[in-house]
4 protein chains.
Amino acid sequence: MPSPVIVGIMGPDKQLDKAGPLAEQLGKAAAEAGWMVLTGGRSRGVMHAACTGAKSAGGTTIGIIPGDNTADISPAVDIPIITGMGSARDNINALSSTVLVAVGMGPGTSAEVSLALKCNKHCVLLGVGDQAAAHFSALAPSLVHIAGDVGAAVTHVKSVLPA
Amino acid sequence: MPSPVIVGIMGPDKQLDKAGPLAEQLGKAAAEAGWMVLTGGRSRGVMHAACTGAKSAGGTTIGIIPGDNTADISPAVDIPIITGMGSARDNINALSSTVLVAVGMGPGTSAEVSLALKCNKHCVLLGVGDQAAAHFSALAPSLVHIAGDVGAAVTHVKSVLPA
Amino acid sequence: MPSPVIVGIMGPDKQLDKAGPLAEQLGKAAAEAGWMVLTGGRSRGVMHAACTGAKSAGGTTIGIIPGDNTADISPAVDIPIITGMGSARDNINALSSTVLVAVGMGPGTSAEVSLALKCNKHCVLLGVGDQAAAHFSALAPSLVHIAGDVGAAVTHVKSVLPA
Amino acid sequence: MPSPVIVGIMGPDKQLDKAGPLAEQLGKAAAEAGWMVLTGGRSRGVMHAACTGAKSAGGTTIGIIPGDNTADISPAVDIPIITGMGSARDNINALSSTVLVAVGMGPGTSAEVSLALKCNKHCVLLGVGDQAAAHFSALAPSLVHIAGDVGAAVTHVKSVLPA
């Protein structure tokens, strides 16, 4: 079978403000486009919102869990991968995603975008703030795409998918 | 949604002899029982045989890939998780499996069974040889189950699943 | 014995420009202060320069190697730790360093600073550019310290060490 | 500088019986031979005993810590490497050791020996019991060496070191 498209949706686990609704909309749009959604898998923040959105449209959701047991897994995760390796799992998020979308920003999200750029993955930034956008654009101009809304983020993802 | 049952099927990547057909039958039986199948995900050995069997019965297959790219992934894997961490990913296999079944034996399989026992997972041993069976039974008598054929392996898995 | 002070010196592995000499001076200054130096351990870039500087002052150097063998280890590394896990090892760099200093910037360095901030480590930024400085300062204002030269970087490290 | 010889000393963290004194003697003998000693780094079991023995002879000790902070590190560890990845760090123990010696046996030790054999490292088994000896000897006959006492273990290590 052909390799699936897996869109990684990364973002903070707290202080969501606008990031929560954006992640939920993006998860739904990704599922509608036929893409799997991969997140950090826990039951809060952007991880949970993105998976919830994807499930509302019948999508498949993968959670790369930092802990070593099944506690704190989002109920919207179909496929829980238990890594037991804390933030070292951020590199699995980067490697396993066809394209990565950051919704909002924090230290963990910054790590995930950095690791994705290091392995030459395209990254779409949605609602991350001007400073993060400037930093990542400077690191890898050809791989970083700034999106103003969910529709633009989806368009950016489509534009970089393998034909 | 309830946590899915994920059966990890581990075994050598070469010198399959009887392990290949056993793994394929076991993958098929696992899918028929409604379980997901998790393997090391590469396109050969027990990994590939187990995923092939599961797909023949319409199951869902997860591959925990040791490399850092999409080369050498079994075409029978639905959900490829790219870890880029070589054999350190063996611990993810152990943690992510509800129950682990070893089909045949080699150094990598021995590591996976050992790590599963360390995190208190039940392990079923199928066609692993007397010495491996004696070693693991001595390490953790209450967690190790010796199966003489695929049917017995499935029965052992069912007996240890959470009610 | 008391826990040693381990200063992580992170930076790009190419396009060094000024970062190479700065890292070598910083490694030397760290060794003179009695600190161990931890780097990514390979035989080029800031990793190699920092270890070379530390050895010139009789320091102890630790290299956290991303590959899975002894090729490409800097000859200035005393203690090579072979992780075989690629960039997932960046989190070991963050966790194992008492304080982290970034000298220059790239995707890998950005990941290391991000991961260090996520685990609440102080980070000193030396010659990283205005955009990276603004990004990381916004992420964790109380943990990020901008240094204009090697002397200032050392002063910042001293100011945040446990008494 | 030439690559150092790093002898990994692995064993259970409890129920030591004879393994504790053996590990301490072996750590001391390794230091006297000029080798660094690498262990799992925690403050109990074979890890702690081996490091204590090595320090009694002025050796250098490396601890590859499974947790994510400095709690529970053996005071006999000179170089603590904080991995935060639980048992996935067992593969770092295997890759970073020139030769591995198991003193006593348990699930974690079994994982470490298995992983060492998978990456073609020589393993010396001391006081591991007949079943473990038979299992590992069957897995990799040319890499496994059974030692009856500490002196024999040291002789085995010397015999497989690079010239």
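Just so you know, these numbers come straight off a predicted model, no measurement behind them. (Residues numbered from 1 in each chain as written. Chains lettered and ligands numbered in written order. Predicted model: local features only at pLDDT ≥ 70, side-chain atom pairs only at ≥ 80, totals over all residues. Heavy atoms only, no water.)

1. Looking at the interface of chain C and chain D
Rules: Residues count as neighbours in contact if any of their non-hydrogen atoms are within 4.5 Å of one another. Two parts placed together each lose some accessible area under a 1.4 Å probe, and adding up what both lose gives the buried area. The term salt bridge refers to a side-chain nitrogen of Lys or Arg lying within 4 Å of a carboxyl oxygen of Asp or Glu. By the criterion applied in these results, polar contacts are pairs of N or O atoms within 3.5 Å in which, for protein atoms, one can donate a hydrogen and the other can accept it, and in which residues neighboring in sequence qualify only through two side-chain atoms. A run of H or I in DSSP counts as a helix once it spans at least four residues, and a run of E counts as a strand once it spans at least two, with each numbered from the N terminus.
Of the residues lining the interface, 23 residues belong to chain C; the matching set on chain D comes to 23 residues. Counting the surface lost from both chain C and chain D, the interface buries some 1900 Å², and carbon and sulfur atoms represent 72% of this. Between the two partners, chain C and chain D, sit 0 salt bridges. Linking chain C with chain D are 2 residue pairs in polar contact (both at pLDDT 80 or more). Looking at the side of chain C that touches chain D, the elements that each hand over two or more residues are β3 (61-65), β4 (79-82) and α3 (90-96) of chain C.

2. Let's talk about the relation of the copies chain D and chain B
To be explicit about the condition: We place the copies in one frame by least squares, fitting the C-alpha atoms of every residue whose pLDDT is at least 70 in both.
Structural alignment of chain D on chain B gives an RMSD of 0.0 Å, achieved by rotating through 180° and translating 0.0 Å along the axis. Classification of the inter-copy transformation places it as that of a two-fold axis. Mapped onto chain B, 100% of the interface residues of chain D are again interface residues, and the two copies thus contact each other with one and the same surface.

3. Concerning the sheet that holds strand β3 (residues 61-65) of chain A
Residues and elements named next belong to chain A. Heads up, the rule is: By the convention used here, strands pair only if DSSP detects at least 2 bridges between them. Working convention: axes come from line fits to C-alpha atoms, limited for helices to the stretch in contact. Angles between N-to-C directions cover 0 to 180 degrees.
With parallel pairing, 7 strands are arranged side by side in an open sheet as β4-β3-β2-β1-β5-β6-β7. In this open sheet, the two strands that pair with only one neighbour each are β4 (79-82) and β7 (144-147). Averaged over all adjacent pairs, the angle separating strand axes in this sheet is 20°, with direction ignored. In this fold helix α1 (residues 19-32) packs onto β1 (6-10), β2 (36-39), β5 (99-103) and β6 (123-126), with an angle of close to 155° to the strand it touches most, β5. Seen against the sheet, helix α2 (residues 45-56) touches β1, β2, β3 and β5 and runs at an angle of roughly 165° to β2.

4. Regarding the relation of the copies chain C and chain D
Rotating chain C by 180° about the axis while translating it 0.0 Å along that axis superimposes it on chain D, leaving an RMSD of 0.0 Å. Comparing interface residues between copies, 100% of those in chain C also lie at the interface in chain D; the contact surface is shared.

5. Looking at the interface of chain D and chain B
In many analyses, interface size is given as the accessible surface area lost on bringing the parts together. Selection rule: Basically, the charged four are Asp, Glu, Lys and Arg, the nonpolar ten are Ala, Val, Leu, Ile, Met, Phe, Trp, Tyr, Cys and Pro, and anything else, Gly included, counts as polar.
Across the boundary between the two partners, chain D contributes 23 residues, which contact 23 residues of chain B. Both sides together, the interface formed by chain D and chain B hides about 1700 Å², and carbon and sulfur atoms give 66% of it. Contact with chain B buries surface across chain D, with Pro107, Lys118 and His135 of chain D losing the most and accounting together for 29% of the total. At the surface where chain D touches chain B, the tally comes to 0 salt bridges. At the boundary of chain D and chain B, one finds 5 residue pairs in polar contact (both at pLDDT 80 or more). Secondary structure elements with two or more residues in the side of chain D that touches chain B: α3 (90-96), α4 (107-118) and α5 (130-139) of chain D. Grouping the amino acids of the side of chain D that touches chain B by side-chain chemistry returns 12 nonpolar, 8 polar and 3 charged.

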